[in-house]
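Structural features, examined
Take a look at the letters that make up each chain.
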Amino acid sequence: MKILDLNGAWRLRRKDGTDPDGLSCAIPGSVTQALVRSGELSDPRAGENGRKQSAWVAETVWDVSREFSVDAAFLRHDFVDLELDAVEGWASVSVNGVPVLRTDNAFRPHASEVRSLLRPGRNELLIRFFPVESPPPLPPWMPPVCRTGVPGAVRLRAWSIARIAELGFSQRHSESGPIRLFIGGWVETADPADGARTEPVTLSLRLLDPEGEPAWEGAADFPSASDGQFHAVAAVRHPRRWWPAGLGGQPLYTLQALLRTRAGRVLDLRELRIGLRTLEAGEPAPGGPVRLRCNGVPVFLKGAVWSLPPAEAAGCQTVDAQLAAARDAHFNALALTPSLPPPPPAFWDRCDEAGIIVLGTGALGEAAAAPPGPFARMGTGTEAETESFAQVPPP
């Protein structure tokens, strides 16, 4: 497997051709951020003028594009997936002029298989954002910033034979004895109908302690080789538990999953960082607050609501700065804003490192109970079809 990172400097242009040279636009990032940096917009959070500027951004068709190169070795893989972790706005995605994706949901990743569209040497990736006639209303406390952009990472993933599509875990603690990790996920294998090679695969798992030393090793079990779902149970003896800031340390374990052919060829490697802990919300007294316990110990929560729009929180430096401020204020909890897409991947590791509990996450991080694909692949459509789709008003 090979991964080509497509983050970094892209080019932003208006589709009407009034700015042929365009502006530099950082991805992950937003259209508004690029316009503010260039001086075309003042701070759009400033009163009525900000609302007018946000409306102008929302009513304009924007193109963000970049050129990239791939070599013949990259294209010798069976598949090349274009993966976008998040796209905010109604958009079409094209590779070398051919539409491959249509996006209308900032809460999920998108991907499409694009190997047949790539050529050795120079290629172009373009994302076109269409106007939204009726943007959803914002809470009164939120600044009127138009969220049009790519707040998540963009990459090309070249793979053959099989890859790890899902990897998750849940944990069970006991008063005495080891902590048990229930590991689950899904391996996607090549379809022989696509002319790809098929070989038997094995998945080995390893858990490293906070110092990087092996704490457990084992192999995943595939109950049914036909659907790719796997699971395993790891026993962590002498565990070191994670605590919120102010109650103890934040040791983090690393779960590694290594996918190989029976002959030993490495196909894929995935890693997750894990804090061993329990979080329990007790029944509140009538009229009283909900009481939270971490590892059985009551926690007095001190925190705030995380409301930074994802397109503005995409960079690790922004996340680090915000969480450093939270730690300096002696926070140990942050609550997610329901109306915003999830924070960027860096957010979760940084919260674990800082001893901050994230509230409002539901069952995030639990082992996969079924093997749904993390990306929905869509068929290639014409540019006219894509534009027609994108211009349908949202419900």
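A few points on the structure. Only a predicted model underlies this, so the values are computations on that prediction, with no experimental measurement involved.

1. Here we look at the side chain of R155
- Note on placement: R155 falls in strand 12 (residues 154-159).
- Within polar-contact distance, the side chain of R155 engages the side chain of E83 at 2.8 Å.
- A polar atom in the side chain of R155 sits 2.8 Å from the side chain of D85.
- Apart from residues no more than four positions distant in its own chain, R155 is found in contact with I3, L4, L6, D81, L82, E83 and D85.

2. Looking at the nonpolar core
- Residues L82, L125, I127, V154 and L156 are the most contacted members of the largest nonpolar core, which totals 35 residues.
- The element contributing the most residues to this core is strand 5 (residues 62-70), with four residues.
- Apart from residues lying up to four places away in sequence, L82 is in contact with L6, V93, V95, V100, H110, A111, S112, V114, L125, V154, R155 and L156.
- Formed by 26 residues, the second largest nonpolar core is a distinct cluster that contains L181, W216, A220 and L276.

3. Some words on the sheet that holds strand 10 (residues 121-129)
- Strand order in this open sheet of six strands is 3-2-5-10-7-8, and the pairing throughout is antiparallel. Each having just a single partner strand, strand 3 (23-27) and strand 8 (98-103) make up the two edges of the open sheet. When the angles between neighbouring strand axes are averaged without regard to direction, this sheet yields 30°.
- Strands in contact with helix 1 (residues 31-38) are strand 2 (8-14), strand 3 and strand 5; relative to strand 3, the strand with the most contacts, it is inclined by about 135°.

4. With respect to helix 5 (residues 345-354)
- Among all positions of helix 5, only A346, F347, C351, D352 and A354 are buried.
- Positive backbone phi, approximately 75°, marks G355, located one or two places after helix 5.

5. Concerning the packing of aromatic side chains
- Per the stated rule, a full pass over the model turns up four aromatic pairs.
- Relative to F347, the ring of W306 has its centre 4.6 Å away and its plane inclined at 50°; by these criteria the two rings are tilted. Within this pair, whereas W306 is found in strand 23 (residues 303-306), its partner F347 is found in helix 5, the two being separated by 41 residues in sequence.
- Between F347 and W348, the ring centres sit 5.2 Å apart and the planes meet at 85°, which makes this aromatic pair edge-to-face.

6. Comments concerning the sheet that holds strand 24 (residues 333-336)
- The strand order across the open sheet formed by three strands is 23-24-25, and the pairing between neighbours is parallel. Of all strands in the sheet, those bounded by a partner on one side alone are strand 23 and strand 25 (357-359). The average angle at which neighbouring strand axes cross in this sheet is 25°, direction not considered.
- Across four bridges, the pairing between strand 23 and strand 24 is parallel. Across the sheet, residue G303 finds its bridge partner in strand 24, namely A333.
- Across the face of the sheet, helix 5 comes into contact with strand 23, strand 24 and strand 25 while running at roughly 155° to strand 24.

So, how was this worked out
- Residues numbered from 1 in each chain as written.
- Predicted model: local features only at pLDDT ≥ 70, side-chain atom pairs only at ≥ 80, totals over all residues.
- Heavy atoms only, no water.
- Helix = DSSP H or I, 4+ residues; strand = E, 2+ residues; numbered from the N terminus.
- Polar contact = N/O pair within 3.5 Å; in protein donor to acceptor, adjacent residues only side chain to side chain.
- Contact = heavy atoms within 4.5 Å.
- Core = buried A, V, L, I, M, F, W, Y, C linked by side-chain atoms within 4.5 Å.
- Buried < 20%, exposed > 50% of the residue type's maximum accessible area, 1.4 Å probe, protein only.
- Pairing = 2+ DSSP bridges.
- Axes fitted to C-alpha atoms, helices over the stretch in contact; angles between N-to-C directions.
- Phe/Tyr/Trp six-rings, centres within 6.5 Å; stacked < 30°, edge-to-face > 60°.

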